[in-house]
Amino acid sequence: MTTSIAPFRLKPWFSERVWGKRDLRPWYDNTGTTELVGEAWLTGPQCLVETGDFAGREFQSFAPELGGEFPLLVKLLFPNEKLSVQVHPDDAEARAMGEVRGKTECWYALEAEPGAYVSLGLKDDVDAAKFRAAVADGTAEDLLQQVPVSTGDMLFVDAGTVHAIGPGVVLLETQQTSDVTYRLYDYGRPRELHLEKGLAVMKTKTAAGKVAPKQINGFTRLIEQKYFAVDRFEVAAGVSTTVKMEGPGCLVSLSGTGTVKTAGSSVELVPGRAVVIPVGTGSILVEAATGTSFVRCQAPTMV
């Protein structure tokens, strides 16, 4: 398959959350709101295109031209307080409940303060009955496995994993394009819970946990799973590197600036913004204006 659509950059869409922050610097100088922001959606359907022929349009508005809905929702998360204890269904469970698909995700720690942690999975011998009782008496958090987080850690969170994120981190989240979340416990905050749905899909044992990086020719593979692969590239100032795109995906600069080039097109790569690479583009060239670190998030062409 070939594409006539050149790579283009998206403007982040900021999602207000009770556990978020007002100040997202150095990632973003202005969010356009005075409310607490917890998430910057980099490839959300409502993100506006900043460059190219579709500039000014919502990302979701030209999905047919791209071959269908973009399969990955990439975000930056900015927790100032603990997120709710939650769980996501897998594809089959989600469809049985009338949703399009489930939600498997991963988190890459861009920043982590000393003592930062996430809650990932249930402790041994915890079943649905024990968890339900703990929600009722306010001790649900005690039943979760706490995982310390350091800058550079990659964590896999497969569907069915009961999880929560603590404060003191900035995470790059790559996930299926889905916002199906069942909130199990929220520390007494007055938000809706979805306990019955969540208990129905939670699993006592999952594959969730830290993932060791692998060095591959020219980049670091941070994770490779059924729905996504995430790789990190480090390019010195004034150097160019060829990046191969095998499926739909995007590039996100973590630091430094550069230029994404294909035949007849050029898009600036800047921190905290996604450059979408349409299917069929093939290899692209990234020229680093400064020392640049960026990630490639891509999905297989068939899942």
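Conventions and cut-offs
- Residues numbered from 1 in each chain as written.
- Predicted model: local features only at pLDDT ≥ 70, side-chain atom pairs only at ≥ 80, totals over all residues.
- Heavy atoms only, no water.
- Buried < 20%, exposed > 50% of the residue type's maximum accessible area, 1.4 Å probe, protein only.
- Helix = DSSP H or I, 4+ residues; strand = E, 2+ residues; numbered from the N terminus.
- Pairing = 2+ DSSP bridges.
- Axes fitted to C-alpha atoms, helices over the stretch in contact; angles between N-to-C directions.

K.L.:
Where do I start with the pairing of strand β20 (residues 258-262) in this structure?
P.N.:
Consecutive side chains along a regular strand alternate between the two faces of the sheet. Residues G258, V260 and T262 of β20 are buried on one face, while the alternating residues T259 and K261, pointing to the opposite face, are not. Of the pairings in the sheet, the one linking β20 to strand β21 (residues 265-269) comprises 5 bridges and is antiparallel in character. The partner of K261 across the bridge, within β21, is S266. Where β20 folds back onto β21 in an antiparallel hairpin, the turn is made up of 2 residues, including G264, whose phi is positive at roughly 85°. Pairing of β20 with strand β23 (residues 283-288), which is carried by 4 bridges, proceeds in the antiparallel orientation. Bridged to V260 within β23 is V286.

K.L.:
Honestly, the environment of A263 in this entry has me stumped. Any pointers?
P.N.:
Looking at the element boundaries, A263 is found in the loop between β20 and β21. Its relative accessible area of 82% is what places A263 among the exposed residues.

K.L.:
Please clarify how the sheet that holds strand β3 (residues 37-41) should be interpreted in this entry.
P.N.:
Sheet strands associate in pairs through backbone hydrogen bonding, adopting either a parallel or an antiparallel arrangement. Reading across the sheet, the 7 strands line up as β2-β3-β5-β12-β7-β10-β14 and stay open at both edges, with antiparallel pairing between neighbours. Bordering the open sheet on either side are β2 (13-21) and β14 (209-211), each of which pairs with just one other strand. Between one strand and the next, the sheet's axes are offset by a mean angle of 30°, whatever the strand orientation. Examined bridge by bridge, β2 and β3 share 5 bridges and lie antiparallel to one another. Among the inter-strand pairings, S15 is bridged to a residue of β3, identified as E39.

K.L.:
I'm lost on unusual backbone geometry in this one. Help?
P.N.:
Of the consecutive residues R25 and P26, the connecting peptide bond is found in the cis state with omega at 10°. With respect to the helices and strands, P26 occurs in the loop between β2 and β3. Backbone geometry at D125 places phi at a positive 70°, although glycine is not the residue there. Relative to the helices and strands, D125 resides in the loop between β8 (117-122) and α2 (128-137).

Function cannot be read off these values alone, since they describe shape.
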